[in-house]
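Single-letter residue listing:
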4 protein chains.
Amino acid sequence: MAKIEDKETAILKAAIAVFAERGFWNTPTSLISKTARVAEGTLFNYFATKDDLINAVYLEIKRELAKELMGSFHARETFRDKMRDNWNRYIEWGLRNPEKFNVLQQISTSFKLDADVKAQGMEPFAEIERLARESIAKGEIHDYPVEYLGALMDTQTAMTVRLMAMNPQADYQRIGFEILWNGVAK
Amino acid sequence: MAKIEDKETAILKAAIAVFAERGFWNTPTSLISKTARVAEGTLFNYFATKDDLINAVYLEIKRELAKELMGSFHARETFRDKMRDNWNRYIEWGLRNPEKFNVLQQISTSFKLDADVKAQGMEPFAEIERLARESIAKGEIHDYPVEYLGALMDTQTAMTVRLMAMNPQADYQRIGFEILWNGVAK
Amino acid sequence: MAKIEDKETAILKAAIAVFAERGFWNTPTSLISKTARVAEGTLFNYFATKDDLINAVYLEIKRELAKELMGSFHARETFRDKMRDNWNRYIEWGLRNPEKFNVLQQISTSFKLDADVKAQGMEPFAEIERLARESIAKGEIHDYPVEYLGALMDTQTAMTVRLMAMNPQADYQRIGFEILWNGVAK
Amino acid sequence: MAKIEDKETAILKAAIAVFAERGFWNTPTSLISKTARVAEGTLFNYFATKDDLINAVYLEIKRELAKELMGSFHARETFRDKMRDNWNRYIEWGLRNPEKFNVLQQISTSFKLDADVKAQGMEPFAEIERLARESIAKGEIHDYPVEYLGALMDTQTAMTVRLMAMNPQADYQRIGFEILWNGVAK
DNA sequence: CATGAATGAGGTTTCATTCAT
DNA sequence: TATGAATGAAACCTCATTCAT
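None of the values given here were measured: they were computed from a predicted structure. (Residues numbered from 1 in each chain as written. Chains lettered and ligands numbered in written order. Predicted model: local features only at pLDDT ≥ 70, side-chain atom pairs only at ≥ 80, totals over all residues. Heavy atoms only, no water.)

The operation relating chain D to chain C is a screw motion whose rotation component is 179°, with 0.0 Å of axial translation and a residual RMSD of 0.2 Å. Seen this way, the second copy is the image of the first under a two-fold rotation axis. Relative to the rotation axis, the closest C-alpha in chain D is found at Gly183(D), a distance of 2.0 Å. Of all interface residues in chain D, 100% are interface residues in chain C too; the two copies therefore contact each other through one and the same surface. (Least-squares fit on C-alpha atoms with pLDDT ≥ 70 in both. Contact = heavy atoms within 4.5 Å.)

With that settled, the discussion passes to the interface of chain D and chain C. Counting from both sides, the interface comprises 26 residues of chain D and, opposite them, 27 residues of chain C. For the pairing of chain D and chain C, the buried interface totals around 2400 Å² over both sides, and the portion due to carbon and sulfur atoms is 70%. For chain D, the biggest contributors to the area lost against chain C are Trp25(D), Tyr148(D) and Ile179(D); these three give 29% of the whole. Counting every contact that joins chain D to chain C gives 0 salt bridges. At the junction of chain D and chain C, the tally comes to 10 residue pairs in polar contact (both at pLDDT 80 or more). Where the side of chain D that touches chain C is concerned, the elements lending two or more residues are helix 7 (98–110), helix 9 (146–166) and helix 10 (172–184) of chain D. Here the element with the most residues in the side of chain D that touches chain C is helix 9 of chain D; it accounts for 10 residues. Grouping the amino acids of the side of chain D that touches chain C by side-chain chemistry returns 14 nonpolar, 10 polar and 2 charged. (Buried area = accessible area lost by both parts, 1.4 Å probe. Salt bridge = Lys/Arg side-chain N within 4 Å of Asp/Glu carboxyl O. Polar contact = N/O pair within 3.5 Å; in protein donor to acceptor, adjacent residues only side chain to side chain. Helix = DSSP H or I, 4+ residues; strand = E, 2+ residues; numbered from the N terminus. Nonpolar A, V, L, I, M, F, W, Y, C, P; charged D, E, K, R; others polar.)

The end-to-end C-alpha distance of helix 4 (residues 50–70) of chain C, which contains 21 residues, comes to 30 Å, matching closely the 30 Å that a straight helix rising 1.5 Å per residue would cover. Of the residues making up helix 4 of chain C, those classed as buried are Leu53(C), Ile54(C), Asn55(C), Val57(C), Tyr58(C), Leu59(C), Ile61(C), Lys62(C), Leu65(C), Ala66(C) and Leu69(C). (Expected span 1.5 Å × (residues − 1). Buried < 20%, exposed > 50% of the residue type's maximum accessible area, 1.4 Å probe, protein only.)

When chain A is fitted to chain B, the best match, at an RMSD of 0.2 Å, comes from turning it 179° and sliding it 0.0 Å along the axis. Interface residue correspondence from chain A to chain B reaches 96%, placing this contact among same-surface, isologous pairings.

To continue, consider unusual backbone geometry. All names here are of chain A. Notably, Arg37 is not glycine yet its phi reads approximately 55°, a positive angle. With respect to the helices and strands, the residue Arg37 is situated in the loop between helix 2 (29–35) and helix 3 (40–46). Its relative accessible area of 77% is what places Arg37 among the exposed residues.

Right, let's talk about the interface of chain A and chain B for a bit. With 27 residues of chain A at the interface, the matching set in chain B holds 26 residues. Three residues, Trp25(A), Tyr148(A) and Ile179(A), lead the burial of chain A against chain B; their summed loss comes to 28% of the area buried on that side. Summed over the shared surface of chain A and chain B, the result is 0 salt bridges. Taken together, the connections running from chain A to chain B amount to 10 residue pairs in polar contact (both at pLDDT 80 or more).

This next bit is on the protein's contact with DNA strand E. The full set close to DNA strand E counts 33 residues, and Thr42(A), Tyr46(A), Thr29(B), Thr29(C) and Thr42(D) are the nearest of them. Contact between DNA strand E and Thr42(A): a phosphate oxygen at 2.6 Å from a side-chain N or O atom of the residue. Between DNA strand E and the protein, one listed contact pairs a phosphate oxygen with a backbone N or O atom of Thr29(C) at 2.7 Å. Those elements giving two or more residues to the surface near DNA strand E turn out to be helix 3 of chain A, helix 2 (29–35) and helix 3 (40–46) of chain B, helix 3 (40–46) of chain C together with helix 3 (40–46) of chain D. (Near = heavy atom within 4 Å.)

Turning to the domain arrangement of chain A, a few remarks are in order. All names here are of chain A. You can read the domains of chain A as domain 1 (1–48) and domain 2 (55–184). The C-alpha-based centres of domain 1 and domain 2 are spaced at 28 Å. Contact with domain 1, which involves 10 residues of that partner, is made by 12 residues of domain 2. Carbon and sulfur atoms make up 78% of the surface buried where domain 1 meets domain 2, a total of about 930 Å² over both sides. In this assembly, domain 1 and domain 2 are joined by 0 salt bridges. Applying the counting rule to domain 1 against domain 2 returns 4 residue pairs in polar contact (both at pLDDT 80 or more). A per-class count over the side of domain 1 that touches domain 2 returns 9 nonpolar, 1 polar and no charged. (Domains from an automatic or database assignment.)

So, on to the protein's contact with DNA strand F. Neighbouring DNA strand F are 33 residues, the closest being Thr29(A), Thr42(B), Thr42(C), Tyr46(C) and Thr29(D). Looking at DNA strand F alone, sugar and phosphate atoms form 65% of those within 4 Å of the protein. Contributions of two or more residues to the surface near DNA strand F are made by helix 3 of chain A, helix 3 of chain B, helix 3 of chain C together with helix 2 (29–35) and helix 3 of chain D. Broken down by element, the surface near DNA strand F gets its largest block of residues, 5 residues, from helix 3 of chain B. When the residues that make up the surface near DNA strand F are grouped by side-chain class, the tally is 11 nonpolar, 15 polar and 7 charged.

Attention now moves to the packing of helix 6 (residues 79–96) of chain B against helix 8 (residues 115–137) of chain B. All names here are of chain B. Where helix 6 meets helix 8, the axes come as close as 10 Å, and the angle between the chain directions of the two elements is 155°. When the axes of helix 6 and helix 8 are compared, the pair comes out roughly antiparallel. The handedness of the crossing between helix 6 and helix 8 is left-handed. Where helix 6 approaches helix 8, its residues Phe79, Lys82 and Asn86 are matched on the opposing element by Ile128, Leu131, Ala132 and Ser135. Of the residues belonging to the contact of helix 6 with helix 8, the class tally is 4 nonpolar, 2 polar and 1 charged. (Axes fitted to C-alpha atoms, helices over the stretch in contact; angles between N-to-C directions. Parallel < 35°, antiparallel > 145°, perpendicular 65-115°, else oblique. Left-handed = near helix turned anticlockwise from the far one by under 90°.)

Here the focus is the pattern of salt bridges. It is possible for side chains of opposite charge to pair when their charged atoms get near one another. Residues and elements named next belong to chain C. A full pass over the atoms with the stated rule returns 36 salt bridges over all chains. Across the salt bridge formed by Glu64 and Lys100, the nearest N and O atoms sit 2.7 Å from each other. A residue pair is termed long-range when its members are at least 10 positions apart, and Glu64 in helix 4 and Lys100 in helix 7 (residues 98–110) qualify at 36 residues. Arg174 is the salt-bridge partner of Glu178, the closest N and O atoms lying 2.9 Å from each other.

Another point: the nonpolar core. As a rule of thumb, nonpolar side chains are buried together in soluble globular proteins. Counting 128 residues, the largest nonpolar core has Val57(C) and Val57(D) as its most contacted members. Counting residues in each nonpolar core, the second largest holds 126 residues, with Ala14(A), Val117(B), Met153(B) and Tyr172(B) among its members. (Core = buried A, V, L, I, M, F, W, Y, C linked by side-chain atoms within 4.5 Å.)

In this view chain A stays clear of chain C, with the nearest C-alpha atoms of the two still 20 Å from each other. Separated throughout, chain B and chain C approach each other most closely at a C-alpha pair spaced 13 Å apart.

Turning to the packing of aromatic side chains, a few remarks are in order. Evaluated as defined, the whole model comprises 28 aromatic pairs over all chains. Note on Trp87(C) and Phe177(C): the rings are 6.0 Å apart at their centroids and 55° apart in plane angle, and the pair reads as tilted. Within this pair, whereas Trp87(C) is found in helix 6 (residues 79–96), its partner Phe177(C) is found in helix 10 (residues 172–184), the two being separated by 90 residues in sequence. Taken individually, Trp87(C) and Phe177(C) each receive the classification buried, so the pair is uniform in this respect. Through pairs of rings, three or more aromatic residues link up here, namely Phe19(A), Phe24(A), Trp25(A) and Phe111(A). (Phe/Tyr/Trp six-rings, centres within 6.5 Å; stacked < 30°, edge-to-face > 60°.)

With that out of the way, let us pick up a negative patch on the surface. Taken together, Asp51(A), Asp52(A), Asp114(A) and Asp116(A) make up a surface patch of like negative charges. Structurally, Asp116(A) is set in helix 8 (residues 115–137). (Patch = residues over 30% accessible without salt bridge, like charges linked within 9 Å, V, L, I, M, F, W, Y side chains within 5 Å. Areas by Shrake-Rupley, 256 points an atom, 1.4 Å probe, with all protein chains shown as cover. Lys, Arg positive; Asp, Glu negative; His and termini not counted. Charge placed at Lys NZ, Arg CZ, Asp CG, Glu CD.)

Turning to helix 8 (residues 115–137) of chain D, a few remarks are in order. Residues and elements named next belong to chain D. Between the first and last C-alpha of helix 8 there are 32 Å, a value that for 23 residues agrees with the 33 Å anticipated at 1.5 Å per step. Of all bends in helix 8, the biggest is about 40°, found at Glu123, and the proline Pro124 comes one to four residues later. Buried residues along helix 8 sit against helix 4 (50–70), helix 5 (72–75), helix 6 (79–96) and helix 9. One or two steps after helix 8, the chain reaches Gly139, where phi turns positive at roughly 80°. (Bend = angle between axes of the 7 residues up to and from the residue.)

This is the structure:
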C-alpha cells in the first residue's frame, strides 16, 4: 500500500491532540486511531502497547522542546543571558504549543516512564546544570545544589506558562525571570 | 486506631492509600471498598460516582493541609517569618504525609475537579495573597502580582518536597526558602 | 438479585455444550455466557479466566465420571469382573453423555491443566492400579507395569466409545473387553 | 541443510515446529512465517487459509509416517511379524520425531479435517485391515471387526509412544505388543 | 512469486454502577 | 443503611487475511 503519509507521525499527532483534551488515562486507543484516520490495529503495528505509545509521545515532545532550547545556550554571552534566553524560549514554546505542553506535564507527573526514555528526556537539563556549576565557580550565583536549581527552573517555567495561558495579558514572563534570577544571583 | 470507624472516613482513607500506590486512574472502586473493608455497593451510598469520591478525597486532603498551614500566619510577626513558617509547615507536612501529598499532586494535575470544589481548595491561598498585598504596601517586597506569588510559593514548595523525599539529607528546605525570599524581597 | 438458578452450574453446562460443538479453543467466552443466559461479565465472577473455566469444566466432568465408576470396584468379586464392570460403566456413560465425553477428551489432549487439577482428575485411576497390583500378586494377570495397564484401559475404552458412537449397532463393547482381558490375563 | 529450500517446505517445517511447541490453536500464522523466514503474505501464496495449512501439515506428516510403515508389510512373512514390525516402526518413528508425532495427535483430536484429506490419511490402515482379514481367514486371529483392530492398533501405539517419551527406560514397547497380540490371537 | 503494512472483526477481561434482598 | 451478585459497555490487543508495490 502506498505510504502516502507517515502513519506513525499521524498517530503521534493524534495522540497528543486527544491526550490534551481528555487526559491520556481517559483516552481509548480506538479514539487515537480514529483521530489519526487509521485502523485500530494499525496503531499497534507502530506501538506495541498503549504504554509504549505514551513513552513515544513523551520522547517526541521532549525532543522537540530540547531542539528549541538547545540553541539558547550558545547565542548568549553571560550565564544570566543564557538562562533568560532559555526561560523565554521555553515559555514561548509552551504558549505556542499548549497541547504539547499540557501533555508533557501530564505524562511527567502521572505516568511511570521507561527508565531509558526518562533518561533521554533529561539530557537537555544536563547542560543547564553544567552551566550553573561554571557560574557558581565564577562567583556569579550562590553555591546551591545544581539539581535544585534545575528543578526550580523547570517547575517555575511550567507554572508561568500555565498562568500566562490563563491570563495572557499579564507580565508574568518578565517578572518570573526577575524573581528567579534575584533568588539565585549574588 | 478507633475500633468503630465511620465508613465514610474509612473509604476516604482507603482511597488515599491505594491512589498513592497505584494512581487514581488505575484504581478500581472495588479495590477501594475492599481496602476499606466495606462492600462494593457501600462506597456508592456515600459517593454517588467515582468522580465524586475523587473530589471528596481532594477536599479532605486540602482541608487537612489548610488546617496545618492556617495557624502559621498568626504565630509570627513579620511577613517573612509568616511566609517561612508557612513554607516549613507545608514541607514538613508533605514529608510526614507522603501519600496524601502524592495524591494531592496527582489530582491537581490530572483531574478536572468540580468548580466549587476547586474554589474551596483554593481558600487557604487567599490569606497568603492578602498578606502579600500588605507587605507590598509596606514596601518590603516587590510589587508583583499576588496570584503569581501564590502560585510560585505553591509549586516551589511542592517541588522541594519531591526532591527532599528522594534525597532526604540535602539542605533543600533552607535553600529553597532563601531563594524564594531573595527573589521577592526588596 | 434472586438466585433463582445456580449461575455457576449454568455456565459449566453451557460451556460443555458449546465446547462439544465447536471445540474449546474455538469458543468465545461471550458465546458461553450467552448460552448460559448470563451477562458476559458474570462468567468472570465465577471463573477468573477462561483457563480457569476450562479447568473447572474438566474437574466437573471427571468428578461425575469418577462417581459413576467408583461403585464398580465393590459390586463385583473377581478382578476380571471389576474390570469389566468398570469398562462397561465407562462406555455406557460415554454413550449417554457424548458431549461430556467429547469435551473430556478434548481437554485431556489439548490443554495444559493446572497441576493440582490434573492430580485430582487422576485419583480414580489410582484405585484400578491398586487392584491390578493385587491381581498380579495372585497370578491372575501378567506382571506388567500397572501404569501401562491403566493407560491402556483408558485409551482403549475411549476409542471404543468413539467407534460405538459412529457405529452403534456393532458389538465393540463386548469385543473390546475380550481383547483387553485376553491381552493381560495369564 | 540445503541452502536453498523450497518455501513451501520451509513453511510446513516451521508450522510443525511451532505447533508442537505452542499448540496449533495458539499459533499465529505470523509466527509460522517468521520461523520459516518468509514474509507474512507469502504463507498465503502457498496455503489459502490457516485451515488449509493445517490440513497440509497433517497430510505431510501422515505421508511420511505411511512411507515409514509401508515397507514393514513386505519385509516379514507371518502376519504377527508384519504387525510387530509395523508396531515397532511406528513407535520408533514417534520417538525419533516427537514434534511430528505430537502435532499429528493434536490435529487428529482437535481439528475438523477436510473430508478428502482425512480419507487420504487413512490409506495406510487400509493395508493393515486387508492383512487382518487374511489372517482371520487363515484362523490365526479371532474374527473381530477389522476397523476395530485398526483403531486399536493406532490408539495403543500412540499411547505407548506417549508413555515411552515420559519414561524412556521402561519396557513398554515389548510389553505393549505382547498384550496386543495376545488380545487378538487365537 | 514475494513482500509486509494495513485492516477491522473479534477475543478476553475490567469495572463503575445498580438493585433486590 | 449495607450488601455483593449481576450487569454490559468498553478497554486493550491479536491475528488471519488482503493487496499495492
